[in-house]
Amino acid sequence: MKTVVLVNPPARDVVIRDYFCSKVSQATYINPPVDFVCLSGRLAEFFDVSLVDAVVEKLDPAACRARIKKLAPHAVVGLTGFVSWPEDAAFYASLDSPVVLLGDILLENPEQRLAQNPWVAAFLLDFTSNDLVNYLRGETDQLPHMVFRKNHEIISSSKPENPERTFEIPAPRHDLFLPLDYRYPFVMGSPFACVLTEYGCPFECGFCVMGQLGHKVRPMSNVIPELEDLHKRGVRDIFFMDQTFASNRERARELLDILTQYKPRFRWLCFSRVDRADADLLPAMKRAGCHTVIYGIESADDALLKQYKKGTTQAQIRDTFQAAHACGMRTVGTLLFGLPGDTVASCERTIAFAKSIPCDFISVNIAAPRMGTPMRGQAVGRGIVSETLDRMDQSGTFIAMEAGDFTAAALRRLKKKALREFYLNAPYAARRLRGVRSMDQFRIEARQGISLLRNFLKGG
């Protein structure tokens, strides 16, 4: 059986390349790449699948190349992204095997980028499709989610006019991921697994690429075998990687009913919105084992939220965070600084707002004009960024866009201020210690806290 190697390439920093998103990790966390998780089971039906994650395994380029060469792969399937494209391209070009890539930087003008990089064989634009398997098996007549070379030509098929609304995947090869030192600050124990039950997002926030991917869901009959496999392996911690858990409430309740049947119960966290995982649904989520929900606060400026089609308000945010606190669930609020139309003053108000609600953790991101987003088109049209810009990091290690009264230095100061005022105080530390329920949780939070402090002290 031919071998296919899934590769997360070396990087100088702890770099996350996952689900068409790339950034430098803000506290050295890195989760199993869910695109690889989804691909692993499908590929395993026809190929011998191996995983080389150079970031988690701390492999330098030479060691990573040696690992791949020893496996003698039929093909390498690799991750890349805005945050590391030049280094990634140099690494993949040095390999002897055919390379298929996926990542956020490939979502805009993939045909042009493929033409500019003759060392790469193909780009995959939807990891839930069957296109990659068909391509690797030489079945290339209908590959609507790939851009590839064939007979010295670049082939890019038109996507179907009526896109699929559902997808199914064979049970992923979680055994490839569980032995590695993946870590995430909000899980309760390790090892943990990433599970995807929805692809893309039905909402179209102007700064986010997920709404541009389309939206499709996995039937619960397809999710159950994966959950059963994890439970049999003794895995108790799950990170549901759906971009909006409970985007459909009826479907969410079906999943919650399934989760309550497992004994011992799974412990899990998810991303959601304050108008979806709200006071009505949170108690049922808690009963099903959910302990943490990550919500996009983004801004305390309702006009800005409306401008970028977020579809939520300060009042909804406050109500949902209070409801989660009343249920005994932890919350994470993501803040976004530097959107065109945002100001230093409005960011200051956002910091104050995050401190005023019962929020357990914050994550501060810097607006980046990501390919495929409406914000990028607007920023290019207004001359804020060049249309050729293809290096950025929403974590803010380098600033790609300076809009309005923002400078790169001002954005860094705002991020540092938010982290300092939220985290670096005795009452917060005491509250976190009181919330620890196990040595596993203490180890995870201590590790991430130390990493966050180091990044803060060095200006990250």
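Please refer to the structure higher up on the page.
Let us look at the structure shown here.

## Notes on the overall build of the chain
Moving on, step 1. Each helix and strand in the chain was counted, giving 16 helices and 17 strands.
Moving on, step 2. In terms of overall dimensions, the chain is globule-like: its C-alpha atoms have a radius of gyration of 21 Å, near the 23 Å expected for 460 residues.
Moving on, step 3. In terms of overall dimensions, the chain has C-alpha extents of about 60 × 55 × 45 Å along its principal axes.
Moving on, step 4. By the burial criterion, 58% of the 460 residues in the chain qualify as buried.
Moving on, step 5. Put simply, of all contacts in the chain between residues at least 6 apart along the chain, 71% involve residues at least 24 apart.
Moving on, step 6. Total accessible area on the chain is roughly 18,600 Å²; 51% of this is exposed by carbon and sulfur atoms.

## Things to note about helix 14 (residues 408-423)
Moving on, step 1. If you check helix 14, its first and last C-alpha atoms are 23 Å apart, about what 16 residues at 1.5 Å a residue would give, namely 22 Å.
Moving on, step 2. By the burial criterion, the buried members of helix 14 are A408, A410, L411, L414, K415, A418, L419, F422 and Y423.

## A short note on the environment of E387
Moving on, step 1. Inspection of the secondary structure assignment puts E387 in the loop between helix 13 (374-381) and helix 14.
Moving on, step 2. What makes E387 exposed here is its relative accessible area of 61%.
Moving on, step 3. Taking the C-alpha atoms as reference points, E387 and L43, 344 residues apart in sequence, are found 36 Å from one another.
Moving on, step 4. Those residues in contact with E387, other than ones at most four positions away along the chain, are R376 and V380.

## Regarding the sheet that holds strand 6 (residues 99-102)
Moving on, step 1. Taking strand neighbours across the sheet as the criterion, the seven strands line up as 4-1-5-6-7-8-9 in an open arrangement whose pairing is mixed. Edge positions in the sheet fall to strand 4 (48-53) and strand 9 (153-156), since each of these pairs with one other strand and no more. Direction aside, the axes of adjacent strands within the sheet are offset by 25° on average.
Moving on, step 2. Both strand 1 (residues 3-8) and strand 5 (residues 75-79) contribute to a ladder of four bridges, which runs parallel. Bridge pairing links L6 to V77 in strand 5.

## Describing the packing of aromatic side chains
Moving on, step 1. Summed over all chains, the structure comprises 19 aromatic pairs.
Moving on, step 2. With a centroid separation of 5.1 Å and 45° between ring planes, the pair formed by F245 and W268 is classed as tilted. Here F245, found in the loop between strand 13 (237-240) and helix 8 (249-259), pairs with W268, found in strand 14 (residues 267-272); they are 23 residues apart in sequence, far enough to count as distant. Note on accessibility: F245 and W268 belong to one class, buried.
Moving on, step 3. Here a set of aromatic residues connected by ring pairs shows up, and it is made of Y29, Y184, F186, F239, F271 and F361.
Moving on, step 4. Sitting over the face of the ring of W85, R113 holds its NZ or CZ atom 5.3 Å from the ring centroid.

## Side note on the layout of surface pockets
Moving on, step 1. Volume-wise, the second largest pocket comes out at about 660 Å³.
Moving on, step 2. Around the second largest pocket sit 34 residues that line it, and D126, H145, K159, L213 and K216 are the ones nearest its centre.
Moving on, step 3. When residues of the lining of the second largest pocket are traced back to their parent elements, those giving at least two are helix 5 (110-116), strand 8 (146-150) and strand 12 (215-217).
Moving on, step 4. For the lining of the second largest pocket, the class distribution of residues is 13 nonpolar, twelve polar and nine charged.

## Here's the deal with helix 7 (residues 220-232)
Each turn of an α-helix holds 3.6 residues, which means side chains three or four residues apart point in the same direction.
Moving on, step 1. Along its 13 residues, helix 7 runs 18 Å from first to last C-alpha, staying within 8% of the 18 Å computed at 1.5 Å per residue.
Moving on, step 2. For helix 7, the complete set of buried residues consists of M220, N222, V223, E226, L227, L230 and H231.
Moving on, step 3. Buried residues along helix 7 sit against strand 10 (192-195), strand 13 and helix 8.
Moving on, step 4. Positioned one or two residues after helix 7, G234 has a phi angle of 85°, which is positive.

## As for the side chain of T128
Moving on, step 1. Relative to the elements of secondary structure, T128 occurs in the loop between strand 7 (122-124) and helix 6 (131-136).
Moving on, step 2. At 3.1 Å, the side chain of T128 forms a polar contact with the side chain of K216.
Moving on, step 3. Setting aside its immediate chain neighbours within four residues, T128 contacts R42, F167, I169, L196, Y199 and K216.

## Remarks on the sheet that holds strand 17 (residues 361-366)
Moving on, step 1. Sheet architecture is open: six strands sit in the order 10-13-14-15-16-17, paired in parallel fashion. Unpaired on one side and paired on the other, strand 10 and strand 17 mark the two borders of the sheet. Shown here is a sheet whose adjacent strand axes are inclined to one another by a mean of 20°, direction ignored.
Moving on, step 2. With five bridges connecting them, strand 14 and strand 15 (residues 290-298) associate as parallel partners. Bridge pairing links C270 to V293 in strand 15.

## Some points on the packing of helix 12 (residues 344-356) against helix 14
Moving on, step 1. The contact between helix 12 and helix 14 brings their axes to 10 Å, and the two run at 20°. Looking at the two axes, helix 12 sits roughly parallel to helix 14. Between helix 12 and helix 14 the crossing geometry is right-handed. Residues V344, C347, E348, I351, A354 and K355 of helix 12 lie in contact with helix 14, whose contacting residues are L414, K417, A418, E421 and F422.
Moving on, step 2. Here the contact of helix 12 with helix 14 is built from residues that sort into seven nonpolar, no polar and four charged.

## Here we look at unusual backbone geometry
Moving on, step 1. The amide bond that connects S190 to the next residue, P191, takes the cis arrangement and shows omega of 0°.
Moving on, step 2. For P191, the position within the fold is in the loop between strand 9 and strand 10.
Moving on, step 3. Positive phi, close to 55°, is recorded for Y19, a residue that is not glycine.
Moving on, step 4. In this fold, Y19 is placed in the loop between strand 2 (15-18) and strand 3 (21-24).
Moving on, step 5. On the basis of relative accessible area, Y19 is assigned to the buried category, the value being 2%.

Conventions and cut-offs
- Residues numbered from 1 in each chain as written.
- Predicted model: local features only at pLDDT ≥ 70, side-chain atom pairs only at ≥ 80, totals over all residues.
- Heavy atoms only, no water.
- Helix = DSSP H or I, 4+ residues; strand = E, 2+ residues; numbered from the N terminus.
- Rg over C-alpha atoms; globule rule 2.2 N^0.38 Å.
- Buried < 20%, exposed > 50% of the residue type's maximum accessible area, 1.4 Å probe, protein only.
- Contact = heavy atoms within 4.5 Å.
- Areas by Shrake-Rupley, 256 points an atom, 1.4 Å probe, with all protein chains shown as cover.
- Expected span 1.5 Å × (residues − 1).
- Pairing = 2+ DSSP bridges.
- Axes fitted to C-alpha atoms, helices over the stretch in contact; angles between N-to-C directions.
- Phe/Tyr/Trp six-rings, centres within 6.5 Å; stacked < 30°, edge-to-face > 60°.
- Lys NZ or Arg CZ within 6 Å of the ring centre and 35° of its normal.
- 1 Å grid on protein atoms, 1.4 Å probe; cavity = no way out; pocket = protein on both sides within 12 Å on 5 of 7 lines; lining within 4 Å.
- Points joined across faces, edges and corners; volume = space filled by probe spheres on them.
- Nonpolar A, V, L, I, M, F, W, Y, C, P; charged D, E, K, R; others polar.
- Polar contact = N/O pair within 3.5 Å; in protein donor to acceptor, adjacent residues only side chain to side chain.
- Parallel < 35°, antiparallel > 145°, perpendicular 65-115°, else oblique.
- Left-handed = near helix turned anticlockwise from the far one by under 90°.

Geometry only, nothing functional implied.
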